[in-house]
Amino acid sequence: MIEILQWTTLVAAGAATLSRIPNLVRRKNRSIFYALALLTLAILLSIRGPYLAIDAVLGGTNLANLLLRFIIFGAIFFLALRIAAGFGDSRGIQLIRGSIGTSVLALISVVMLVCFAFMDTAGSAVGMSGLEARSGQNAVLLEYYAAAGRAYPAYVCLAILPGMLRAVRSSLPALLRVSAALLALGSIAIPLSLLFPVIPSALGFLRFVINYTAILCFVGGLALIWVASGRAGRKGGPLSPGRR
């Protein structure tokens, strides 16, 4: 089931990325293409086969996992900015791109790099599973490393969540309100990843369900925005301020 969910999400994200190529060629909303391309690469790196192959090329020390974390940071940054701009959420944009957001990103990145540098990471392992058993220090460092990797996406999603909830309750067209609802659901799911350490091992599959539900909600929400934008264009009228 988990593998099916992973590959389904990869196909959905890849299709969304390919659909943005015409806009990339026209130099229109290129940040969306870059964000979706990064998201697709992040999903690919989270699947066992591709992860092991790529990490082997990088030396077999789980550098692929560190790369995955920063790819996710980049994807969520660009996606959140475009979403906030599309719904006129100036507060969300400020929280992500302003001094607070920059400081949060810098601090979290330093924590991740330091933890990774002091861990024993030899031997490719998807999700770096099993590395905590090597020593007490490794277990502690891995916990901090994983928490830092989840913290920035959670911060960004919480920054745009109020704007999405306002859009759901607004008088926007139905497609946009459904889109906002999906994006809000994704913005709730990602912060739930902060609870991963307290999820019992018997319910470990919930980690995958939460992660991939969030991704599918973001991809689905963006797809509906494009559909709504296309309909507005065919009618010859603006979608609404800041939507394009």
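Computed from a predicted model, the values in this text were never measured in an experiment.

This paragraph deals with the nonpolar core. Counting residues in hydrophobic clusters, the biggest one holds 59 residues, and the most contacted among them are Leu-39, Ile-83, Phe-87, Ile-96, Tyr-145 and Phe-218. Elements with a minimum of two residues in this core: helix H1 (2-19), helix H3 (30-45), helix H5 (63-86), helix H6 (90-97), helix H7 (99-118), helix H8 (136-168), helix H9 (174-189) and helix H10 (205-235). Looking at this core, the element that brings in the most residues is H8, giving 12 residues. Core analysis: the second largest hydrophobic core is formed by 6 residues, Ala-42, Leu-45, Leu-68 and Ile-71 among them.

With 94% of its residues at a pLDDT of 70 or more, the chain shows a mean pLDDT of 89. Within the chain, no element has a lower average pLDDT than H10, which sits at 81, and none a higher one than H7, at 97.

As enumerated under the stated definition, the model contains 5 aromatic pairs in all. Here the aromatic rings of Phe-77 and Phe-78 are separated by 5.5 Å at their centres, their planes lie at 75°, and the arrangement is edge-to-face. Ring centres of Phe-116 and Tyr-145 lie 5.9 Å apart, and the angle between their planes is 40°; this geometry places the pair in the tilted category. Linking Phe-116 in helix H7 with Tyr-145 in helix H8, this pair joins segments that are 29 residues apart in sequence. Assessed through its relative accessible area of 10%, Phe-116 is described here as buried. Through a chain of ring-to-ring contacts, three or more aromatic side chains come together here, namely Phe-70, Phe-73 and Tyr-152.

This part takes up the side chain of Thr-9. By the secondary structure assignment, Thr-9 is in helix H1. Its relative accessible area of 1% is what places Thr-9 among the buried residues. Those residues in contact with Thr-9, other than ones at most four positions away along the chain, are Ile-43, Tyr-212, Ile-215 and Leu-216.

Conventions we followed
- Residues numbered from 1 in each chain as written.
- Predicted model: local features only at pLDDT ≥ 70, side-chain atom pairs only at ≥ 80, totals over all residues.
- Heavy atoms only, no water.
- Core = buried A, V, L, I, M, F, W, Y, C linked by side-chain atoms within 4.5 Å.
- Buried < 20%, exposed > 50% of the residue type's maximum accessible area, 1.4 Å probe, protein only.
- Helix = DSSP H or I, 4+ residues; strand = E, 2+ residues; numbered from the N terminus.
- pLDDT = per-residue confidence, 0-100.
- Phe/Tyr/Trp six-rings, centres within 6.5 Å; stacked < 30°, edge-to-face > 60°.
- Contact = heavy atoms within 4.5 Å.

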